[in-house]
Amino acid sequence: MALDTLDYSVLIALALAVAAYFTKGVLWAVPDDGTKVVAESRDIVETVENNNKEYLIFYGSQTGTAEDYANKFAKELKSKFKLNVMVADLEDYDYESLNQLKIPVSLFIATYGEGDYPDSSLNFEEYLGSLAEGDLENISYTLFGLGNSTYEFYNAAAEKTNNSLKSAGASLIGEFGKGDDGAGTLDEDYLSWKENTLEILKDFLKLDEHEAKFEPSLTLTRLDPGEFDEEKVFLGEPDRSYLDGKTDLSLGPFDHAHPYLAPISFSKELFNSKDRSCIHAEFDLSQTNLRYSTGDHLAVWPSNSNEKLQAFYKITNLNDQLDQVIDLKPLDSTVSIPFPTPTTVGAIFRHYKEIGGPVSRQLLSTVKQFAPTENAKIESERLSKDKDSFAAEVHSKKYDFAEVLSLLSNGAPWEIPLEFLIESLPHLQPRYYSISSSSLNEKKTIHITAVVEAEKFNDSRLITGVATNLLRNIQLEQNNNDSKPWISYDLSGPRDKLSSFKLPVHVRRSTFRLPSNPSTPIIMIGPGTGVAPFRGFIRDRVKQAESGSTIGKSVLFYGSRTSEEDFLYKEEWPEYSKKLGESFELITAFSRETSKKVYAQHKLLERSKEILELIDAGAFIYVCGDAGKMARDVNNALIEIISEGKQLSKDQAHEIIRNFKTLNKYQEDVW
């Protein structure tokens, strides 16, 4: 069978990827970020024994959440039981000798996409697939999975891990824990699992419990002028290559540890509203080798806002320490420093640590030891132990760390060790956006479409998203708009590296892909910013049509509030219709223009006959947007369409949809 251009491109890309892997560190440089402690060995047993470890925790993390929970669990084991604990990324080790391990193992496994393992854990998945009965009969483990119940394959990666370990003879300690981000209960799911598991481990390992006190795993040194080279102090840069002045920062590989500083060449407001905002931003790739495919995600690396930082510095009494240069060293060779050093206190909290996210009950239980008043300590204790009170008084109001501290102490500042803040607050993670451009049509730009998160609560507090408000701040400045941003940022970045409207970004590959054959029909459902990847899909198909390809029917179900306020890319769809003719159809649902709210899934049901015909013709189905309700409602609507149209039971129709998902004929990009 003859290979077409796309096939050759794929083969070449694979060849380059294999070459890059086997020559890593030999023919091309591995960025030294000054933080990661290189493992002594990829043999996990050798590393554990050389460091006299008494407990091992693995994590498989896609966005950093599983890593965060693994570290939380390690801190509890250390503080309560004085165990010498090692926390390890699954991608850093090999497992052939795992059955020789003489200590218990805990695993924190996130499920990504349609039941997939995180990208960094694929080697572990392959290892599990090679196991035979009895291969791990000496292993005892605990397991906590991080998943989303709105997905068809809920916690599938953790399920596969549990089944594979059991089949190989390993013994599960306690219950297999499942955290549900879809229901918004992930933190409470973890706490419930953790409390039960610690009690079981206490008996299983015959441990003595101690009063939990914070013990740093890092040594922090405050440096005086003359003890550091100012040019080598990190002010927010991701790694050393951004400081040396020699590295070509336009060259990759770009990933979660090494972003490209991409110029935003164009940005605009998409909403016609005083109270709501949606930003279209275009990132220029013309000076880099960074590339993407239609359907991928763009990771935007944010910083914390000026307003959030002011509140945080005030309540933690750090205002007079912001320029202090510090160095960090691990007390344990298996521990990684969470960001490059030496750095300043101000840079840590502006660029490296998450200060605006939700607070957990576990954080309250540990921070209480630093309470400035007895009442603040009592309140911290009460809220950390009372699940319902915490949910009503803290979680439901979306308080961040500074707001909770202020609430507990009536505004009195807390004296919290820097080491505690560094180790307890999560790392500031990139935010991911579905790419709304076409890699066929826009080879040297990436477009994203982001609704700005700015929600007012009853007490007039403004709850803001960290990255979307940064994008809006840039858009207003870039277009000389007189409107003021809801919150503001340092747009210049460390050492002015982000001036002229740049942001650090990298591309995350996705399986959200058009059929390889352009003539295959597609059904797209994407209300709100869920339309973003479908704009890219349609632009792909326009380009294919211009190249002479036969284009299959492309039906897009799109919904928003009104046709005047938030109809995204309203002026573009007629242009696509002109170019694609009858092969493209846009079906809209505006929920606030009729007495009864109508959503995209309702329109889907109205067109059930056409949908069934397209499915019978081999159509691929794509859903993008809210996982909590929309994706489930769309799934149920399609089950109803298949059930009624084919005279099948709901269970039989559900099985057909499930098979579509397994075959990638039903793809979801939901959050």
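Residues numbered from 1 in each chain as written. Predicted model: local features only at pLDDT ≥ 70, side-chain atom pairs only at ≥ 80, totals over all residues. Heavy atoms only, no water.

1. So, the pattern of salt bridges
- Within the structure shown, the criterion is met by 39 salt bridges.
- The closest approach of N and O atoms between lysine 80 and glutamate 76, which form a salt bridge, is 3.8 Å. Linking lysine 80 with glutamate 76, this pair stays in helix H3 (residues 65-81), spanning 4 residues, or about one helical turn.
- With relative accessibility at 22%, the residue lysine 80 sits in the partly exposed group.
- The exposure class of glutamate 76 is buried, given its relative accessible area of 8%.
- Taking the shortest distance from any N to any O, the salt bridge between arginine 495 and glutamate 237 comes out at 2.7 Å. With a gap of 258 residues between them, arginine 495 in the loop between helix H14 (466-478) and strand E17 (502-508) and glutamate 237 in the loop between strand E7 (218-223) and strand E8 (260-269) connect regions that are remote in the sequence. (Salt bridge = Lys/Arg side-chain N within 4 Å of Asp/Glu carboxyl O. Helix = DSSP H or I, 4+ residues; strand = E, 2+ residues; numbered from the N terminus. Buried < 20%, exposed > 50% of the residue type's maximum accessible area, 1.4 Å probe, protein only.)

2. Observations regarding the UniProt feature "binding site: NADP(+)" (unreviewed entry) in the chain
- Using the residue numbers shown here, the UniProt feature "binding site: NADP(+)" (unreviewed entry) corresponds to Arg276, Thr529, Ser591, Arg592 and Asp633. Judged by maximum C-alpha separation, these annotated positions cover 358 residues in sequence and are scattered in space, the widest gap reaching 25.2 Å.
- Structurally, the position occupied by threonine 529 is in the loop between strand E18 (522-525) and helix H15 (532-546).
- Beyond its immediate sequence surroundings of up to four residues, threonine 529 is in contact with Cys278, Thr449, Ala450, Val451, Leu568 and Trp671.
- Along the chain, serine 591 falls in the loop between strand E20 (584-590) and helix H17 (600-606).
- Residues contacting serine 591, with those up to four places away along its chain left out, are Ser560, Arg561, Lys597, Val598 and Tyr599. (UniProt positions renumbered as here; feature names shortened; annotations may be inferred. Contact = heavy atoms within 4.5 Å.)

3. As for the packing of H15 against helix H16 (residues 573-580)
- Packing of H15 against H16 brings their axes to within 10 Å, and their N-to-C directions diverge by 30°. It follows from the interaxial angle that H15 and H16 lie roughly parallel. When you trace H15 past H16, the crossing you get is left-handed. Contacts from Arg535, Ile538, Arg539, Arg541, Val542, Ala545 and Glu546 of H15 reach H16 at Trp573, Tyr576, Lys579 and Leu580.
- Looking at the contact of H15 with H16 residue by residue, the class counts come to 6 nonpolar, no polar and 5 charged. (Axes fitted to C-alpha atoms, helices over the stretch in contact; angles between N-to-C directions. Parallel < 35°, antiparallel > 145°, perpendicular 65-115°, else oblique. Left-handed = near helix turned anticlockwise from the far one by under 90°. Nonpolar A, V, L, I, M, F, W, Y, C, P; charged D, E, K, R; others polar.)

4. Things to note about helix H4 (residues 122-129)
- Regarding H4, the residues found buried are Phe124, Tyr127 and Leu128. All buried residues of H4 fall inside an arc of 100° around its axis, so they share one side. Among the exposed residues of H4, those pointing more than 90 degrees away from its buried face are Glu126 and Gly129. (Arc of directions from axis to C-beta.)

5. Section: unusual backbone geometry
- Omega for the bond connecting glycine 252 with proline 253 falls within 30 degrees of zero, at 5°, which places this linkage in the cis form.
- Topologically, proline 253 is positioned in the loop between E7 and E8.
- With an omega of 0°, the peptide bond running from threonine 341 to proline 342 counts as cis.
- Even without being a glycine, asparagine 480 presents a positive backbone phi close to 50°.
- Mapped onto the elements of the fold, asparagine 480 is located in the loop between H14 and E17.
- Even without being a glycine, arginine 495 presents a positive backbone phi close to 55°.

6. Side note on the pairing of strand E14 (residues 445-451)
- By the criterion of burial, E14 is predominantly enclosed, with 6 of the 7 residues buried.
- Across 7 bridges, the pairing between strand E9 (residues 278-284) and E14 is antiparallel. Residue pairing for E14: isoleucine 279 is matched across the bridge by alanine 450. (Pairing = 2+ DSSP bridges.)

7. Observations concerning the environment of leucine 556
- Looking at where leucine 556 falls in the secondary structure, it is placed in strand E19 (residues 554-560).
- Owing to a relative accessible area of 0%, leucine 556 belongs among the buried residues under this scheme.
- Taking C-alpha positions, leucine 556 is 11 Å from glycine 530, a pair spaced 26 residues apart along the chain.
- Beyond its immediate chain neighbours, meaning those up to four positions away, leucine 556 contacts Met524, Gly526, Val531, Phe534, Trp573, Phe584, Glu585, Leu586 and Ile587.

8. Remarks on the environment of phenylalanine 534
- Topologically, phenylalanine 534 is positioned in helix H15.
- Between the C-alpha atom of phenylalanine 534 and that of tyrosine 622, which follows or precedes it by 88 residues, the distance is 8.7 Å.
- Discounting residues that sit within four places of it in the chain, phenylalanine 534 has contacts with Phe512, Met524, Ile525, Gly526, Leu556, Tyr622, Val623 and Cys624.

9. Section: the side chain of glutamine 601
- Inspection of the secondary structure puts glutamine 601 in helix H17.
- Looking at glutamine 601, the relative accessible area reads 10%, which means it is buried.
- Ignoring anything within four residues of it in the chain, the contact list for glutamine 601 reads Met630, Asp633, Val634 and Ala637.

10. Describing helix H10 (residues 374-385)
- For H10, with 12 residues, the first-to-last C-alpha span of 17 Å sits near the 16 Å given by 1.5 Å per residue.
- Burial in H10 covers these residues: Ala376, Ser380, Leu383 and Ser384. For H10, the angular spread of the buried residues around the axis is 100°, confining them to a single face. Turned more than 90 degrees off the buried face of H10, the exposed positions are Glu374 and Lys385.
- Looking at the packing, one finds that the buried side of H10 touches helix H9 (361-367), helix H11 (387-393) and helix H12 (401-409). (Expected span 1.5 Å × (residues − 1).)

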